[in-house]
Amino acid sequence: MKQTPLKTCPLPDPSRRRFIQGLAAGGVLMGLSPWIKPSWAAQAAATHTGAAPVLSGTEFDLTIAETAVNFTGNPRMATTINGSIPAPVLRWREGDTVTIRVTNRMNVPTSIHWHGIILPYQMDGVPGVSFNGIAPGETFTYRFKVQQAGTYWYHSHTGFQEQTGMYGAIIIEPRGGANIRADRDYVVQLSDWTDEDPMKVFARLKKQGDYYNFNEPTAADFFRDVSVMGLGAALSKRRMWNEMRMSPTDLADISGYTYTYLMNGSTPAGNWTGLFKPGERVRLRFISSGTQSFFDVRIPGLKMTVVHVDGQDVEPVTVDEFRCGPGETYDVLVEPRDEAYTLFAQSMDRTGYARGSLAVREGLSAPVPELDKPEWLTMADMMGSMGGMAAMDHGTSNTMTGMEGMAGMEGMDHSGHSMAGMAMDSGAAVHARHAKTEYGPSVDMRVDMPRTNLDDPGIGLRNNGRRVLTYADLHTPGGSMDSRGPEREIELHLTGNMERYTWSLDGLEFGKSTPIHFRHNQRLRVILHNDTMMTHPMHLHGMWSELQNPDGSFLARRHTISVQPAQRVSFLVTADALGQWAWHCHLLYHMDAGMFRKVVVA
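Just so we're clear, the structure is a prediction, and the values are computed from it rather than from any experiment. (Residues numbered from 1 in each chain as written. Predicted model: local features only at pLDDT ≥ 70, side-chain atom pairs only at ≥ 80, totals over all residues. Heavy atoms only, no water.)

Participant: It is not clear to me how the layout of surface pockets should be interpreted in this structure. Could you clarify?
Facilitator: Rolled over the atoms, a probe sized like a water molecule indicates the empty space that remains. A volume near 470 Å³ is recorded for the second largest pocket. In terms of lining, the second largest pocket is formed by 20 residues, of which the most central are Glu-66, Met-77, Thr-164, Asp-197 and Pro-198. For the lining of the second largest pocket, the secondary-structure elements that each account for two or more residues are strand S4 (76–81), strand S11 (184–194) and helix H3 (198–207). Sort the elements by how many residues they give to the lining of the second largest pocket and S4 lands first, with four residues. Looking at the lining of the second largest pocket, its residues break down into ten nonpolar, five polar and five charged. (1 Å grid on protein atoms, 1.4 Å probe; cavity = no way out; pocket = protein on both sides within 12 Å on 5 of 7 lines; lining within 4 Å. Points joined across faces, edges and corners; volume = space filled by probe spheres on them. Helix = DSSP H or I, 4+ residues; strand = E, 2+ residues; numbered from the N terminus. Nonpolar A, V, L, I, M, F, W, Y, C, P; charged D, E, K, R; others polar.)

Take a look at the structure:
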């Protein structure tokens, strides 16, 4: 997607160590004006953070305001709910009707979206799609019946407010009592913080998509290749990447150069700690609230049994590590016996980590692992199932041979086609078709023969000696909610142009698109085909996504599905929720750049 220059600046400035580690104690101040005063620094640094308050019941009052926070030694303004980062943990009970009054104390509009919650669309909280947003000074009342149980979360769906601190956890108790037994129960919410204005971050990405990527191939890498491969082979390798206009290190747009990674609002130096007694069974509810960060989570010395994903129970599977994409949630059970363990969540590009501890008492900690070395993307990551170059079209040709008749603005609708043979068989190559709209300036890469494997943990987690969770491991007990087969098939291609930092679906940014229409109660198969070299966590609001194996069999019920580079996944949807819904990549800057669609169920 972009040139691979010989960079001579291989590492961030050493002062970044302070950002990566952060302060041992952050701070939040309520009710301050947007201008930071010097006196706030001391106040903010002295204010305790890292323990979100817990609110229970059926009536809630949430106040959104700009407050000062200090994670790095430099006070910055944040967007907070009831003055905390993370926002309060909301504890609901399945079957109850909850009322949440949200008051906006800022001078800009805001909103709250209840991620993964099944509710009337007017309560979904997406400005411009399901409601008008919450104006300055206004109080908006959300009211809906809670129809599910499990681990969920909430966040702003306005601008970059999620990046500046506006997110919190939701725990819903089953009406019939807990079916997962644990002696301790902790929320572990992962996020990323930048001292920079998110608009400035976005502007930098628009000017230079790899601005924050300090893992680009360097001159030292080139000379190392020369010593191993010889000059000719090393030149050929570099020429190949340049001709493809790609970088093998495009793992994350935003890195630890500017991000401080947080666990429950604590920096790595802050070391959030959950207590236990040896032999106890502890439930850890990991919520990935990183706006632009995938986290690879492990607890050295401790196996994790995954029991609950995206708010749904799954058949238990014991692993050493799992990848948690933005929007996803993973509940694990652990039985710690030593005095202390490190909860280690490294970013996918290996430029930083969030860190906390499980310990028998406050103040104890275990060694923190070194970051794994970043891996380069493989040819399979960029070309899919076909090893040859012909599998990929980089948009250098305007030839449209064979493209006549492709679907246009709303994704490829195959409803008129026979369903026979449409299931994606892992043993058979899939030949993709691309919409005409993919042949434009918003697309710099197309994958013709994608991968369909779900047993791949993804770049950086392959063959690392640890048992790593994959999507193929996930099975929701009881199977599908709807026994009907698909009546219609919709195919959407995840597209982008890294040089322009545009992100889109079928080559169309949101502003150029028209809504996708689902017929009420229709059963649909949705195919997501990733034509980019980055992983996209796709979140469909209001309805469940029933992830399928490549052979078409049911795997798990999800609200967010991450699609790896050059991968093709399918899931079934029952369009049982009337109204207007959002469907987007949960990488915040990708969504803002255009990888977003409105879905109308009527």
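Participant: Is there a simple way to explain empty space enclosed by the protein in this structure?
Facilitator: Applying the stated criterion across every chain, the model contains seven cavities of 30 Å³ or more. Those elements that place two or more of their residues in the lining of the largest cavity are strand S18 (321–324) and strand S32 (560–563). In terms of residue class, the lining of the largest cavity is made up of eight nonpolar, eight polar and three charged. Volume-wise, the second largest cavity comes out at about 90 Å³. Forming the walls of the second largest cavity are 14 residues, and the residues nearest its centre are Leu-251, Ala-252, Gln-292, Ser-293 and Phe-294. Its residues assigned to classes, the lining of the second largest cavity shows eight nonpolar, four polar and two charged.

Participant: For this particular structure, what's the right way to read unusual backbone geometry?
Facilitator: Glycine aside, a negative phi is what most residues show, and trans is what most peptide bonds show. A cis amide bond links Ile-85 to the next residue, Pro-86, at an omega of -5°. Among the structural elements, Pro-86 can be located in the loop between S4 and strand S5 (87–93). Despite not being glycine, Asn-264 shows a phi value in the positive range, around 50°. By secondary structure assignment, the location of Asn-264 is in the loop between strand S12 (259–263) and strand S13 (272–275). Residue class for Asn-264 comes out buried when judged on its relative accessible area of 7%. (Buried < 20%, exposed > 50% of the residue type's maximum accessible area, 1.4 Å probe, protein only.)

Participant: I'm lost on the nonpolar core in this one. Help?
Facilitator: Generally speaking, soluble globular proteins have nonpolar side chains that are buried together. Core analysis: the biggest nonpolar cluster contains 120 residues, and Trp-92, Trp-114, Leu-284, Phe-518 and Trp-583 have the highest contact counts within it. Every residue in contact with Leu-284, bar those within four places of it in the chain, is listed here: Tyr-186, Val-188, Ile-299, Tyr-330, Asp-331, Val-332, Val-334, Leu-343 and Leu-358. The next biggest cluster of nonpolar side chains, apart from the first, holds 13 residues, and it includes Ala-78, Tyr-167, Val-187 and Ile-287. (Core = buried A, V, L, I, M, F, W, Y, C linked by side-chain atoms within 4.5 Å. Contact = heavy atoms within 4.5 Å.)

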